[in-house]
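Residue-level structure breakdown
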Amino acid sequence: MKIAKNTVVTVEYKLSDAQNNLIEDGRQPMVYLHGGYENTLPKIEEELDGKENGYATTIQIEPEDAFGDYDPNLLKVEERARLPEPLEIGMQFEGLPEGGEDDDAMIFTVTEIAEDKVVLDGNHPLAGMALRFELKVIEVRAATEEEIAHEHVHGPHGHHHHDGDDEGDDGEEGDHFRTHPIH
């Protein structure tokens, strides 16, 4: 079966930076609903469209097509007393950018801790980086009607609904592209 809109694609992958430094080894395959549902990067979908099981390639994706350029305006320095203890580098908090409104909430990562100040970074951990993906398609199947209606994969490595209740689920690993903070 060829990869096309409304197919579920399972891809083994390795993610590196442009200098080939490994970022993520893809121990678990990426499983996504193909067809513009924002379950993976658009450039990955573009590369895999029309391909079949067994197709392998390496692609490089520039920052503007991945997680954007690094924005120094998304750095915040906060009083350490305003944050919970124990506090560690890599912890994440939801907050507002300077001058932001409630619907502008974003995730900030603790990047530095001093005695009385903490640096919070609202950039995605991979912002500003060109990314190199080694991809190998290991399965292509037709999506179920339910997956198409919900716009994501269900089942192994996908999103699970409990008791048929779609309201208020927070998603699970595999519901969208997985990343790990870089330290």
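Definitions and limits used
For every chain, the first residue of the written sequence is number 1, and numbering continues from 1 onward in sequence order. The predicted origin of the model limits local features to residues at a pLDDT of at least 70 and limits the giving and counting of side-chain atom pairs to 80 or more, whereas totals for whole chains, interfaces and linings rest on all residues. No hydrogens and no water enter the side-chain calculation; it runs on all heavy atoms of the structure. The way it works is that DSSP assigns letters per residue, a run of H or I at least four long becomes a helix, a run of E at least two long becomes a strand, and they are numbered from the N terminus. Throughout, a contact is declared for two residues whenever any of their heavy atoms are within 4.5 Å. Summary of the metric used: pLDDT quantifies the predictor's per-residue confidence within the range 0 to 100. When DSSP finds two or more bridges between two strands, those strands count as paired. Note on method: axes are straight lines fitted to C-alpha atoms, helices fitted across the in-contact stretch only, with angles between N-to-C directions ranging 0 to 180 degrees. Stacked, edge-to-face and tilted labels apply to pairs of Phe, Tyr and Trp rings (six-membered ring for Trp) whose centres lie within 6.5 Å, assigned for plane angles under 30 degrees, over 60, and everything in between, in that order. Ring-over charges, as used throughout, are those where CZ of Arg or NZ of Lys falls within 6 Å of the ring centre and within 35 degrees of the ring normal. Contacts described as polar in this section are N or O atom pairs within 3.5 Å, which, within protein, must combine one atom able to donate a hydrogen with one able to accept it, while residues neighboring in sequence count only if both atoms come from side chains.

What to know about the side chain of Ser 16
- Checked against the element boundaries, Ser 16 lands in strand β1 (residues 7-17).
- Beyond its immediate stretch of four places on either side in the chain, Ser 16 contacts Asn 21, Leu 22, Ile 23, Ala 130, Leu 131 and Arg 132.

A word on the confidence of the model for the protein chain
- The share of residues in the protein chain with pLDDT of 70 or more is 81%, and the mean pLDDT across the chain is 84.
- Throughout residues 159-183 the model reports pLDDT below 50, and contacts reaching past four residues in sequence, or to other chains, amount to 47 contacts.

Focus: the sheet that holds strand β7 (residues 106-113)
- Read from one edge to the other, the open sheet built from 4 strands follows the order β5-β8-β7-β6, with strand pairing classed as antiparallel. A single partner strand is all that each edge strand has here, and the edge strands are β5 (75-79) and β6 (92-95). Between one strand axis and the next, the sheet turns by 40° as a mean value, whatever way the strands run.
- As paired elements, β6 and β7 share 4 bridges and run antiparallel to each other. Among the inter-strand pairings, Gln 92 is bridged to a residue of β7, identified as Thr 109.

Structural notes on the packing of aromatic side chains
- The full count for this structure, using the stated rule, is 0 aromatic pairs.
- A cation sits over an aromatic face here: Lys 51 above Tyr 55, 5.2 Å from the ring centre.
- The ring of Phe 108 has Lys 76 sitting right over it, with the charged end atom 4.9 Å from the ring centre.

Quick notes on the environment of Thr 109
- Relative to the assigned elements, Thr 109 resides in strand β7.
- Sequence separation of Thr 109 and Leu 75 is 34 residues, and the distance between their C-alpha atoms is 9.5 Å.
- A distance of 3.1 Å separates a polar atom in the side chain of Thr 109 from a polar atom in the side chain of Gln 92.

Considerations on unusual backbone geometry
- The step from Glu 85 to Pro 86 runs through a cis peptide bond, and the omega angle for that step is -5°.
- Relative to the elements of secondary structure, Pro 86 occurs in the loop between β5 and β6.
- One non-glycine residue, Asn 20, lies in the positive phi region at around 70°.
- Within the fold, Asn 20 resides in the loop between β1 and β2 (22-24).
- Its identity is not glycine, yet Glu 151 carries a phi of approximately 65°, on the positive side.
- Within the secondary structure, Glu 151 is located in the segment after α2 (145-150).

Focus on the side chain of Thr 10
- Structurally, Thr 10 can be placed in strand β1.
- Setting aside anything within four residues of it in sequence, one finds Thr 10 in contact with Pro 29, Met 30, Val 31, Lys 136, Val 137, Ile 138 and Glu 139.

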